[in-house]
Amino acid sequence: MSFLGKLFGRKDDDRAVARPLWHRTVEIAREKEWYRDCGVADTVAGRFDMITLILAIVLIRMERDAELIEPSVRLTELFVDDMDGQLRESGVGDLVVGKRMGKLMSVLGGRLGAYREGLKSSDEAVMAEAVARNVSLHESTDPLLVARRARAFATGLDLVPAYRVLDAEIGK
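As the structure is a computational prediction, the values presented were derived from the model and not from experiment. (Residues numbered from 1 in each chain as written. Predicted model: local features only at pLDDT ≥ 70, side-chain atom pairs only at ≥ 80, totals over all residues. Heavy atoms only, no water.)

Draft legend 1. Just the pattern of salt bridges, in detail. Taken as a whole and judged by the stated rule, the model has 17 salt bridges. For the salt bridge of R15 with E77, the shortest nitrogen-to-oxygen distance reads 3.0 Å. With a gap of 62 residues between them, R15 in the loop between α1 (3-7) and α2 (19-29) and E77 in helix α5 (residues 66-89) connect regions that are remote in the sequence. The partly exposed category is assigned to R15, whose relative accessible area is 23%. Since its relative accessible area comes to 23%, E77 is described here as partly exposed. Here D65 ties to R61 by a salt bridge, and the two come within 2.4 Å at their closest N and O atoms. The class for R61 is buried, based on a relative accessible area of 5%. (Salt bridge = Lys/Arg side-chain N within 4 Å of Asp/Glu carboxyl O. Helix = DSSP H or I, 4+ residues; strand = E, 2+ residues; numbered from the N terminus. Buried < 20%, exposed > 50% of the residue type's maximum accessible area, 1.4 Å probe, protein only.)

Here it is as structure tokens:
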């Protein structure tokens, strides 16, 4: 930390290590193919659902490498910061933000469990069921489309070494 940083009380950004990965996670969640080809609703809810799907897959990958455990905490904190900002920007007042953030974290936790089970199962219907419960889809869209693409993303991510995951060298 610089002298001026110490003088003015600035702290090092301990989330900086995960910031590129957070941005890449959001980029992947916003890829047009999810909405155009897989039938995810291009709405606020649909985009949130996709961010939590991709974030869950990234976090599941990160929990397998000891060197990625601490950065996964930072990645989750960036999710919280971003969602907090989105809520405030949409007009949610200070008194309600904390309660909504608690609910969003509960949603993320539930989806982590559902997607962990879906990815672990050899039966692709298990992942499709998790998608059907947790992703806003257009009417009559088969959740298997999203499940297969999510599984393909997870399979590719499994092949990426930890240092490349942390450098956000994931996805296409």
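Draft legend 2. Local environment of the packing of helix α7 (residues 124-134) against helix α8 (residues 143-158). Between α7 and α8, the least distance of the axes is 8 Å, while the angle of their chain directions is 110°. For the element pair α7 / α8, the angle class is roughly perpendicular. Handedness of the α7/α8 crossing: right-handed. On the side of α7, the interface is formed by E124, M127, A128, V131 and A132, while α8 contributes P143, L144, V146, A147, R148, A150 and R151. Looking at the contact of α7 with α8 residue by residue, the class counts come to nine nonpolar, no polar and three charged. (Axes fitted to C-alpha atoms, helices over the stretch in contact; angles between N-to-C directions. Parallel < 35°, antiparallel > 145°, perpendicular 65-115°, else oblique. Left-handed = near helix turned anticlockwise from the far one by under 90°. Contact = heavy atoms within 4.5 Å. Nonpolar A, V, L, I, M, F, W, Y, C, P; charged D, E, K, R; others polar.)

Draft legend 3. Representation of the nonpolar core in the model. The biggest cluster of nonpolar side chains holds 50 residues, and the ones touching the most others in it are W34, M50, V58, L75, Y115 and I170. Sorting the residues of this core by element identifies α2, α3 (32-36), α4 (44-62), α5, α6 (94-120), α7, α8 and α9 (162-166) as the ones contributing at least two each. Here the element with the most residues in this core is α4; it accounts for twelve residues. With sequence-adjacent residues up to four places away left out, L75 is seen in contact with A18, L21, W22, L55, V58, L59 and M62. (Core = buried A, V, L, I, M, F, W, Y, C linked by side-chain atoms within 4.5 Å.)

Draft legend 4. Up close: α8. Taking 1.5 Å of rise per residue, 16 residues should cover 22 Å, and α8 covers 22 Å from first to last C-alpha, within 8% of that figure. For α8, every residue scored as buried is listed here: P143, L144, V146, A147, A150, F153, A154 and L157. Looking at where α8 begins, the residue whose side-chain oxygen comes 3.0 Å from the main-chain nitrogen of L144 is D142. (Expected span 1.5 Å × (residues − 1). Polar contact = N/O pair within 3.5 Å; in protein donor to acceptor, adjacent residues only side chain to side chain.)

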